[in-house]
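# Coordinate analysis (summary)
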Amino acid sequence: MTAVLAVLATLADAADAAVAADAAVATEDRGFQWALVLACWVAVLAAVALVAVRSAQRGRRLARQIPEEQRRWM
Amino acid sequence: MLRDAALVAGKDLRLEARSRVALNQVAPFALLVLMLFAFALDPDRGILARVTPGLYWVAVLFSGLLAVQRAFAVESTDGVADALRLSGLDPAGVFLGKVAAVAVQLLALEVLLGLGVVVLYGADPSSVALLVPTCLAATLGLAAAGSVYGILAAGLRVRETLLPLLLLPVLAPVLIAATSAFESALGGFPGEGWRWLGLLVVFAALYTGLGLATFGVLLEDG
Amino acid sequence: MNDGTSSPGTRVLGALTLIGMAVLLAFALVISPADETQEETVRMFYVHVPTALVAFGAFFLTVAASVGYLLRRSEGWDVMAGASAEVGAVLLAATLVSGMLWGRVTWGVYWTWDARLTLTALLFVLVLGYLAVRRLPLERERRSRLAAVVGLLLGPATVACHYATTWWRTLHQGPTITTADAKMDGTMLFTFFLGMVVFGLLYVWLLVHRFRVLWLEHRVEDLGLDEAIAERRREAVGVS
């Protein structure tokens, strides 16, 4: 793993440095923390909602094709 | 069971000895991978020496993938799969035979790649006591997991794309453990490598066990 | 009433889940205090840890259902394994996203290569592979058989992933709840358990729906190829 890491590190020195500098400025900032906390919740809930809605749509489309007596569980 | 395994392994190795696909195509591919790494990583800056264990095992993994694909492609053509089922061989024996045949090819490949690494990258193979068992355990793990997924994907139209997707994440622990063991062996502090060797042995035992248990299911009608 | 995959039972379950989620949001974002060391980022734990644990539970169910299928060869086990893996994949994706954002604040980077993160990422790829096998255009009995074996093989990865922090000393925090209750204040502990319950409910709710969708897919497959083609056409029109 360290070997793979070493490769990546050498290839992406510049990118790493940029991220590190960015992080040093931002860690103390509570506003930044809140922004990421909210982003986290929104992303997770939105993803779950998207999956649920698409699943429901697909279920409805499929259910229309199946005769009533084959879906007694509803 | 062991007799069946010997039969299947003998058949596969004879097939390989006659067709020479591994020798003529897979082995040059493995060396090519080593050379490509050297081109990509600017050999003058000493990176190559530091990342040798990782590159070695990535090269083994990729050429091993080809070997596995090849070993099961021969089963899916010409109705060989049906013949295998009709032969009445014990599925567990077939599995062990496949593992043995793949493992022998992989070991040959590893020796070749090892020579390549010593010659091209200047690695120092003096801690043989750790390197050899690591190779053996890693190879058994690769061959066992490769055989399970190889037979699973054999005969599917999408096998060339499906097999790497299924197999490479499973083999990632082997890559990590074998690389770490090699790092400590080549770096001159073999003491730490033994823990990783233990992980490799557990992995090999686990997938051999799972393969023995599930191969019958996978061999059912093609 | 019979226009989709819901039933009176799932409606109640769904309502409970939504109400629970609203209460959880209130507790996680407003009522519970900021942690002394983690500060506001502790609010991500109320989504990160429950989704992770429920996702692991989901994969264990996939493994168990795969074994069930291999023993019994009944359609129910097969569909159960697939549905659980689908919902687990969504939850594991949520775990990864919340973990990456948390890492960005705390460690300063989205990703580090410690054992747990690496294994979780691998587990995610393995599950994607499993779901790919379930989508193979094969005769159903054979596809179910292959999927069951691949599902069974998710087992070692899930176990390794779950115990990664115990087996290796890593950067990632160990199981906070079992080792250091004293550190967490009462409201935070309550919020955390509420999170477990709510995401557990969410999982069961989605699982039942996905189970029914997959089951309907099998029924539609049975209806024959002609209908399937017509349905695809309608679907394509609907999307574009």
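Structure shown above.
Predicted model, so just to flag it, every value in this text is computed and none were measured.

## Quick notes on the overall build of chain C
- Within chain C, the secondary structure is distributed over ten helices and zero strands.
- Starting at the N terminus, the α and β elements of chain C follow one another as α-α-α-α-α-α-α-α-α-α.
- Counting every position in chain C, which comprises 240 residues, the buried fraction comes to 56%.
- Summarising the internal contacts of chain C: among those between residues at least 6 apart in sequence, 77% fall at separations of at least 24.

## Section: the overall build of chain B
- Counting its regular elements, chain B contains eight helices and zero strands.
- Secondary structure of chain B in N-to-C order comes out as α-α-α-α-α-α-α-α.
- Out of the 222 residues in chain B, the part that is buried amounts to 53%.
- For chain B, contacts bridging at least 24 residues in sequence account for 83% of all contacts bridging at least 6.
- Counting only carbon and sulfur atoms, one obtains 69% of the accessible surface of chain B, whose full area is about 9500 Å².

## Quick notes on a nonpolar patch on the surface
All names here are of chain B.
- A surface patch of nonpolar side chains, amounting to about 700 Å² of accessible area, comprises Leu 32, Met 35, Leu 36, Phe 39, Val 118, Val 119 and Leu 120.
- Going through the elements one at a time, α2 (21-40) and α5 (91-121) are the ones with two or more residues in the nonpolar patch.
- The element that contributes the greatest number of residues to the nonpolar patch is α2, accounting for four residues.
- Looking at where Val 119 falls in the secondary structure, it is placed in helix α5.
- Taking the relative accessible area as the measure of exposure, Val 119 reaches 67% and is therefore exposed.

## Overview of helix α1 (residues 2-19) of chain B
Residues and elements named next belong to chain B.
- Along its 18 residues, α1 runs 25 Å from first to last C-alpha, staying within 8% of the 26 Å computed at 1.5 Å per residue.
- The complete set of buried residues in α1 reads Asp 4, Ala 5, Val 8, Ala 9, Asp 12 and Glu 16. Relative to the axis of α1, the buried residues are bounded by an arc of 125 degrees and lie together on one face. Along α1, the residues that are exposed and aim more than 90 degrees away from the buried face are Arg 3, Ala 6 and Arg 18.
- Each element contacted by the buried residues of α1 is listed here: α2, α3 (47-76) and α5.
- Positive backbone phi, at 60 degrees, marks Arg 20, one or two positions downstream of α1.

## Examining helix α9 (residues 186-223) of chain C
- Compared with an ideal rise of 1.5 Å per residue, which puts 38 residues at 56 Å, α9(C) spans 55 Å between its outermost C-alpha atoms and is within 8% of the ideal.
- Downstream of α9(C) by a residue or two, Gly224(C) has a phi angle that is positive, lying close to 115 degrees.

## Some details on the interface of chain C and chain B
- Every contact between the two is made by 23 residues of chain C and, on the other side, 27 residues of chain B.
- Where chain C abuts chain B, roughly 2000 Å² becomes buried across the two surfaces, and 75% of that area is made up of carbon and sulfur atoms.
- Of all residues in chain C, Arg142(C), Arg145(C) and Leu153(C) bury the most surface against chain B, accounting for 27% of the area lost on that side.
- The interface formed by chain C and chain B includes one residue pair in polar contact (both at pLDDT 80 or more).
- Looking at the side of chain C that touches chain B, the element that brings in the most residues is helix α4 (residues 115-134) of chain C, giving eight residues.

## Notes on unusual backbone geometry
Residues and elements named next belong to chain C.
- At Arg 73, a residue that is not glycine, the phi angle is positive and equals roughly 55 degrees.
- Tracing the chain through its elements places Arg 73 in the loop between α2 (42-72) and α3 (75-106).
- Under the relative-accessibility criterion, Arg 73 is labelled partly exposed at 32%.

## Some thoughts on the pattern of salt bridges
Residues and elements named next belong to chain C.
- Under the criterion given, the structure shown has 15 salt bridges over all chains.
- One salt bridge connects Arg 73 with Glu 141, and the closest N-O pair in it is separated by 4.0 Å. One end of the pair, Arg 73, is in the loop between α2 and α3; the other, Glu 141, is in helix α5 (residues 140-152), with 68 residues separating them in the sequence.
- A residue is classified by how much of its surface remains accessible, and Glu 141, at 32% relative accessible area, is partly exposed.
- Of the charged contacts, one joins Glu 221 and Arg 140 as a salt bridge, the two residues approaching to 3.3 Å between their closest N and O atoms.

The rules behind the values
- Residues numbered from 1 in each chain as written.
- Chains lettered and ligands numbered in written order.
- Predicted model: local features only at pLDDT ≥ 70, side-chain atom pairs only at ≥ 80, totals over all residues.
- Heavy atoms only, no water.
- Helix = DSSP H or I, 4+ residues; strand = E, 2+ residues; numbered from the N terminus.
- Buried < 20%, exposed > 50% of the residue type's maximum accessible area, 1.4 Å probe, protein only.
- Contact = heavy atoms within 4.5 Å.
- Areas by Shrake-Rupley, 256 points an atom, 1.4 Å probe, with all protein chains shown as cover.
- Patch = residues over 30% accessible without salt bridge, like charges linked within 9 Å, V, L, I, M, F, W, Y side chains within 5 Å.
- Salt bridge = Lys/Arg side-chain N within 4 Å of Asp/Glu carboxyl O.
- Expected span 1.5 Å × (residues − 1).
- Arc of directions from axis to C-beta.
- Buried area = accessible area lost by both parts, 1.4 Å probe.
- Polar contact = N/O pair within 3.5 Å; in protein donor to acceptor, adjacent residues only side chain to side chain.

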